[in-house]
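# Architecture at a glance
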Amino acid sequence: MAHGRAAVAACAECREAFPPGLAICHVMNSGFDTSGHGGPVNGVWQFTPQHYSKLAVRSTGPSTKPGARRSRLLPWNPRYQIITLCFLATLTAYVERTGFSIAYTGMAKTAGLSESVKGTVLSAFYWGYALSQIPGGMAAQRYGGDVMLSLSFALWATASLLTPGTAESVRAIILARVCVGVAQGFLIPAVHTVLSAWVPPTERARAVSLTTSGMYLGSALAMQALPAVAAAFGPASLLRLSGALGLAWLLSWRASLATLGRRPPSIPVSSSGPADDGKGFAPGSRGRPGATPWRAMLRSPAVWAIVANNFTFHYAFYVLMNWIPTYFDKVLGADLSTMGAAKTLPYLTMFAASNAGGWAGDWLINTRRAGVAAGRKAVNTAGFWAAAAALLLMPGARGVAGGVAVTTLALGTCGFARGGFSVNHMDIAPKFAGIVMGISNTAGTLAGVIGVAATGVLLEGAGGAGVLAGWYAALAVAASLCLAGSLIFLWHARGERLFGGDATRL
């Protein structure tokens, strides 16, 4: 047995799920020997898919930590509680982001601000967001994802509550948006650190897809409900509402952790690659991460393939998310407050398509026996190529129905692509998932800074948001980037574990 007596003793509780005499180890390789119950390969036990599934279920069951109790708020398996709360975290954060776009569109219209000023203010969030991605991943690895999630929500909710309610206070609003961006920059790396610790490899694609799809459902809910709130109570009321929702999530998170306990259960390592050789852990300090392989990761084409696709995805997504209210108003001639459920259709479709991308990737890999890399590439390519086509169709859409249809197609196919690149960091570096996500999300954030501001400049340069030439130019840039990113991913993406082992703490 590669991990010695200590591993066998620590895992004795699992023996009942396997044939008598087998030594079960939670830090096993998860490759499968399909000849029967399993056996040693290169000195490490390999198991059948059925036995692996049993181990995954047992090893992520309720915590046995002294004092830990099953949550009364969410009374099911602890990892499902964690996934649900992470889903609600991204949902709440995107209610805030979409809510600010709606609020500031109304505030800027009342103040008569130009499109370039509006673009600068809308992009200010991403200045702060870019600064905190990598530090957020490092902090989550060191202090725990639960701590960084709590800090993120406490800071951005407070900043939202303190944001000025008049568009003329441009500098103060920009400062507030930078602060919100810095705080929300901790969110995604922390979520991925949490998921790496709590979710077994066989469920990660779906867990990541579900969690990140909260972004789109949050945007859909905001688009549906918040214009009416702004019309009734004024645009500034959305800033206060968003802050209150952030504080409400924070209270739920801390209450749930108090019942579950901070420490996640022991789970198997990643779904491919050799058994952990111990290099991912500091000697003599089980569960604490060792040195991060910065040089190896930054020189890896596979890492840069993820980074490039994160950039292209977020360029398209942030441009659409921030400029959809203006597109509906100036191009389609539709007022958001009178569009009913139609205005939420793009985000609801993105929510469904994001989950479909995760399930499609798992289906290709687990049912169709495609390699991990092949499955990720297939989903990524299909999503981005379809998105590029839809983006080019948006400026020429006829009527509200046509505009909503192509916008829905663009966002939905972008969401589907997340089942490729967005899960791949957990394939190649599960133990350093938060850090790799921090690196790639920094690129995605820069895409927001560049794309949102550049779109404002292109629209103004063409004669204003009511001139189609500006929209053709802005969306052609987004479409070109989608195609370029997918080609990079096709060439360089990998499916096997390249760095470290697996996370063992929040």
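Refer to the structure printed above.
Quick notes on the rules
Residues numbered from 1 in each chain as written. Predicted model: local features only at pLDDT ≥ 70, side-chain atom pairs only at ≥ 80, totals over all residues. Heavy atoms only, no water. Helix = DSSP H or I, 4+ residues; strand = E, 2+ residues; numbered from the N terminus. Buried < 20%, exposed > 50% of the residue type's maximum accessible area, 1.4 Å probe, protein only. Contact = heavy atoms within 4.5 Å. Areas by Shrake-Rupley, 256 points an atom, 1.4 Å probe, with all protein chains shown as cover. Core = buried A, V, L, I, M, F, W, Y, C linked by side-chain atoms within 4.5 Å. Polar contact = N/O pair within 3.5 Å; in protein donor to acceptor, adjacent residues only side chain to side chain. Axes fitted to C-alpha atoms, helices over the stretch in contact; angles between N-to-C directions. Parallel < 35°, antiparallel > 145°, perpendicular 65-115°, else oblique. Left-handed = near helix turned anticlockwise from the far one by under 90°. Nonpolar A, V, L, I, M, F, W, Y, C, P; charged D, E, K, R; others polar. Expected span 1.5 Å × (residues − 1). Bend = angle between axes of the 7 residues up to and from the residue.

### Examining the overall build of the protein chain
Across its full length, the protein chain carries 16 helices and 2 strands. Looking at the protein chain residue by residue over its 506 residues, the buried ones come to 58%. Within the protein chain, counting contacts between residues at least 6 apart in sequence, those at least 24 apart form 81% of the total. Accessible area for the protein chain stands at about 18,900 Å²; split by element, carbon and sulfur atoms hold 64% of it.

### So, the nonpolar core
Of all hydrophobic cores here, the largest spans 126 residues; its most connected members are Tyr 104, Phe 317, Phe 328 and Leu 391. Not counting residues up to four positions away in its chain, the partners in contact with Tyr 104 are Leu 113, Lys 118, Val 121, Leu 122, Ala 167 and Ile 173.

### A few points about the environment of Thr 105
Residue position: Thr 105 is located in helix α3 (residues 78-111). Residue Thr 105 is classed as buried on the basis of its relative accessible area of 18%. Placed 221 residues apart in sequence, Thr 105 and Thr 326 show a C-alpha to C-alpha distance of 7.7 Å. In contact with Thr 105, other than residues within four places in its own chain, are Lys 118 and Pro 325. From its side chain, Thr 105 meets the backbone oxygen of Ser 101 in a polar contact 2.7 Å long.

### Topic: the side chain of Ser 132
Along the chain, Ser 132 turns up in helix α4 (residues 115-143). Classification of Ser 132 as buried rests on a relative accessible area of 3%. A distance of 2.8 Å separates the side chain of Ser 132 from the backbone oxygen of Val 182, its partner in a polar contact. In contact with Ser 132, not counting residues within four places along its chain, are Gly 181, Val 182, Gly 185 and Phe 186.

### As for the environment of Thr 163
One can find Thr 163 in the loop between α5 (145-162) and α6 (170-184). Relative accessible area serves as the criterion here: at 2%, Thr 163 is assigned to the buried category. Taking the C-alpha atoms as reference points, Thr 163 and Gly 243, 80 residues apart in sequence, are found 9.8 Å from one another. Setting aside its immediate chain neighbours within four residues, Thr 163 contacts Ala 176, Leu 239 and Arg 240.

### Some thoughts on the packing of α3 against α5
Two numbers describe how α3 lies on α5: the axes approach to 12 Å, and their chain directions differ by 20°. Looking at the two axes, α3 sits roughly parallel to α5. You can see that α3 and α5 cross each other, and the crossing is left-handed. Every residue of α5 that contacts α3 at Ala 89, Thr 92, Ala 93 and Glu 96 is listed here: Phe 153, Trp 156 and Ser 160. Partitioning the contact of α3 with α5 into residue classes produces 4 nonpolar, 2 polar and 1 charged.

### With respect to helix α14 (residues 399-428)
Over its 30 residues, α14 extends 45 Å from the first C-alpha to the last, a length consistent with the 44 Å expected when each residue adds 1.5 Å. The principal kink in α14, of about 40°, is found at Arg 418. Where burial is concerned, most of α14 is hidden: 23 out of the 30 residues are buried.

### A look at unusual backbone geometry
If you check the backbone angles, Arg 369 has positive phi at about 60° while not being a glycine. Summarising the element assignment, Arg 369 is placed in the loop between α12 (345-366) and α13 (372-393). According to the relative accessible area criterion, Arg 369 is exposed, its value standing at 69%.

### Re the packing of helix α7 (residues 187-198) against helix α8 (residues 204-233)
At a closest axis distance of 11 Å, the pairing of α7 and α8 adopts a crossing angle of 150°. Here α7 is positioned roughly antiparallel relative to α8, judged by the angle of their axes. Read as a crossing pair, α7 and α8 show a hand that is right-handed. Residues Ile 188, Val 191, His 192, Leu 195 and Ser 196 of α7 form the contact with α8, whose own contacting residues are Arg 204, Ala 207, Val 208, Thr 211, Thr 212 and Met 215. A breakdown of the residues in the contact of α7 with α8 according to their chemical character gives 6 nonpolar, 4 polar and 1 charged.

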